[in-house]
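These are the residues of each chain, in order.
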Amino acid sequence: MNTLVRENRNANQQRSEQFVTPAASVIEDGDAYLLNVEMPGVNKEGLEISVENNELRIIGRRSLPEIDGTLVHRESRSENFRRTFELDPSIDTSKISAHIDQGILTLRLPKAEQVKPRKITVS
Amino acid sequence: MSIIRYQPLETVAWSGLNRLSNLRDELDSLFEMPFWSNFGRQSQLFSGWSPALDLYQNNDNVIVRVELPGMRKEDIEISLQDGMLTISGERKSETAEGDKAERTERYVGKFRRSISLPTQVDSSKVTATYRDGILNVTLPKAEEAKPKQIQVNVA
């Protein structure tokens, strides 16, 4: 379970598109983990979530309506969001579900029915 | 039961990095900021939640866009006084009783942003929308503040 929050930062390198890292929180909720990621300006269509080799990758592309006017002052970032997490083996990756509401992506990561004991070889 | 990969350093490094990147953003925005909007933000350096705010204007409107992910519409408060627009509110914790937060970077609690508007606006016609975690406030300019074309007759 502790590896859920471990990140794979190297996976984000060597790409030309610029991304920013969204803030996230992980909550343990009984039989699942809830991962909340802040992605203001992103809706369902802009989301790209994939799991590969126990690596959860989330990309959120903003679709902000153009504002007719001149920009006077800006604090927001224009880059899209991306974040990668290493999933703990106890998570059942086939049952991950997601929804986004008001810029908060919520991923539900259920724990596997039975977490198989791992074999440890001593060299 | 299983081997736990406990990584306190990772977490610490994380918040450190976050702070640095926030600081960088703050410094960047200080340079980009027009002088009149400096107030009210400086004091928020490193303290709490200071949502990003963009300001646009065209001939008819001043438009303010604020990133407020995960709010309830009714928890956002917008007020206008003496040419100062204030957006405040509170984000409730999503952790229910019995839940355990493994890691949290999201800020929970109150926020308040004030910005002095570049022109006079008609406070009775202000409208706001909240979609995809973005608050959009449209403030129609007061009639006297709108740019006017002046016809000059050359004798």
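Up top you'll find the structure we're talking about.
Here is what the cut-offs are and how they apply
- Residues numbered from 1 in each chain as written.
- Chains lettered and ligands numbered in written order.
- Predicted model: local features only at pLDDT ≥ 70, side-chain atom pairs only at ≥ 80, totals over all residues.
- Helix = DSSP H or I, 4+ residues; strand = E, 2+ residues; numbered from the N terminus.
- Pairing = 2+ DSSP bridges.
- Axes fitted to C-alpha atoms, helices over the stretch in contact; angles between N-to-C directions.
- Buried ≥ 20, exposed ≤ 12 C-beta atoms within 10 Å, placed from the backbone.
- Contact = placed C-beta atoms within 7 Å.

### Overview of unusual backbone geometry
- Of note in this structure, Asn-53 of chain A is not a glycine but carries a positive phi near 50°.
- Along the chain, Asn-53 of chain A turns up in the loop between strand E5 (42-52) and strand E6 (55-62).
- Its identity is not glycine, yet Asp-82 of chain B carries a phi of approximately 50°, on the positive side.
- Position of Asp-82 of chain B among the secondary structure elements: in the loop between strand E3 (76-81) and strand E4 (84-91).

### Description of the pairing of strand E10 (residues 104-110) of chain A
Residues and elements named next belong to chain A.
- With seven bridges connecting them, strand E4 (residues 32-38) and E10 associate as antiparallel partners. From the neighbouring strand, Tyr-33 faces E10, where its bridge partner is Leu-109.
- Summarising the sheet, strand E9 (residues 97-101) and E10 pair through five bridges and their orientation is antiparallel. Of the residues in E10, the one forming a bridge with Asp-101 is Ile-104.
- Counting the residues that bridge the hairpin from E9 to E10 gives two residues, and of these Gln-102 lies at a positive phi of roughly 45°.

### Quick look at the sheet that holds E4 of chain B
All names here are of chain B.
- With respect to topology, three strands assemble into an open sheet ordered E3-E4-E6, the strand pairing being antiparallel. Each end of this open sheet is capped by a strand with a single partner; those strands are E3 and strand E6 (109-116). Adjacent strand axes in the sheet meet at a mean angle of 15°, parallel and antiparallel pairs treated alike.
- Pairing between E3 and E4: six bridges, direction antiparallel. Directly across from Ile-78, in E4, lies its bridge partner Ile-87.

### As for the environment of Gly-69 of chain A
- Positionally, Gly-69 of chain A belongs in the loop between E6 and strand E7 (70-73).
- Using a count of 16 C-beta atoms within 10 Å as the deciding quantity, one classes Gly-69 of chain A as partly exposed.
- With residues near it in sequence (within four places) discarded, Gly-69 of chain A still touches Tyr-56, Gln-57, Asn-58, Asn-61 and Ile-63 of chain B.

### Details of the environment of Thr-86 of chain B
Residues and elements named next belong to chain B.
- As for its placement among the helices and strands, Thr-86 is situated in strand E4.
- Once the C-alpha coordinates of Thr-86 and Ser-116 are considered, the two residues, 30 residues apart in sequence, prove to be 8.6 Å apart.
- When neighbours within four sequence positions are excluded, Thr-86 is seen to be in contact with Ser-79, Arg-112 and Ser-114.

### As for the sheet that holds E4 of chain A
- With antiparallel pairing, five strands are arranged side by side in an open sheet as E9(A)-E10(A)-E4(A)-E3(A)-E5(B). If you trace the sheet from one side to the other, it starts and ends with E9 of chain A together with strand E5 (100-104) of chain B, each paired once. Strand-to-strand twist in this sheet, taken as the mean axis angle between neighbours without regard to direction, amounts to 20°.
- In this sheet, E5 of chain B lies alongside strand E3 (residues 24-29) of chain A in antiparallel orientation, the contact comprising four bridges. Along E5 of chain B, the bridge assignment pairs Val-26 of chain A with Arg-103 of chain B.

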